[in-house]
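# A structural walkthrough
Here's the letter readout for the chains.
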Amino acid sequence: MIFKAKEIVEMGDNILFKNGFKGIVEKVNENSVIVNKTENKTELEFKGNRTVVAHKNYKILIVYDVIENVIYTSFK
């Protein structure tokens with residue numbers, strides 16, 4: 001795995017929370033982020049495509065396209 005130290009989430013970052021819910025950060029607030037849902041492999045149901053997640057409840061998903069068609073993922 002490849003790890004990258006990242007202190008603060010930014011708009012456009014991919015995150016993972018609830019062990020299966022993935023999304024893209026649309027807005028960063030003081031205590032939370034607004035996330036646009038991209039994948040949900042949990043039993044949880046969310047109305048609409050957006051949800052709010054506290055900073056302590058997610059991990060940043062970092063995707064590297066190092067070699068053509070090879071993707072590595074890691075978490076903060």
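Residues numbered from 1 in each chain as written. Predicted model: local features only at pLDDT ≥ 70, side-chain atom pairs only at ≥ 80, totals over all residues. Heavy atoms only, no water.

## Focus: the overall build of the protein
Rule in force here: Labels follow the DSSP assignment, with helices taken as runs of H or I lasting at least four residues and strands as runs of E lasting at least two, numbered in each case from the N terminus. We call a residue buried when its accessible area falls under 20% of the maximum for its residue type, exposed when it is over 50%, and partly exposed in between, using a 1.4 Å probe and counting protein chains only. Any two residues having at least one pair of non-hydrogen atoms within 4.5 Å are treated as being in contact. Residue burial considers only the protein chains on display, and all accessible areas are found by Shrake-Rupley using a 1.4 Å probe.
Counting secondary structure elements, the protein contains 0 helices and 6 strands. Helices and strands in the protein line up, N terminus first, as β-β-β-β-β-β. Counting across all 76 residues of the protein, residues that qualify as buried make up 26%. In the protein, of all internal contacts separated by at least 6 residues, the share reaching a separation of at least 24 is 31%. Surface summary for the protein: the accessible area is close to 5800 Å², and the carbon and sulfur share equals 49%.

## So, the side chain of Thr-51
Tracing the chain through its elements places Thr-51 in strand S4 (residues 50-54). Residue class for Thr-51 comes out buried when judged on its relative accessible area of 14%.

## Describing the packing of aromatic side chains
Condition: In summary, the pairing rule links any two rings of Phe, Tyr or Trp, Trp by its six-membered ring, whose centres are within 6.5 Å, and it sorts them by plane angle into stacked for under 30 degrees, edge-to-face for over 60 and tilted for everything else.
Under the criterion given, the structure shown has 1 aromatic pair. Here the aromatic rings of Phe-17 and Phe-21 are separated by 4.5 Å at their centres, their planes lie at 50°, and the arrangement is tilted. Overall, Phe-21 belongs to the buried group, its relative accessible area being 1%.

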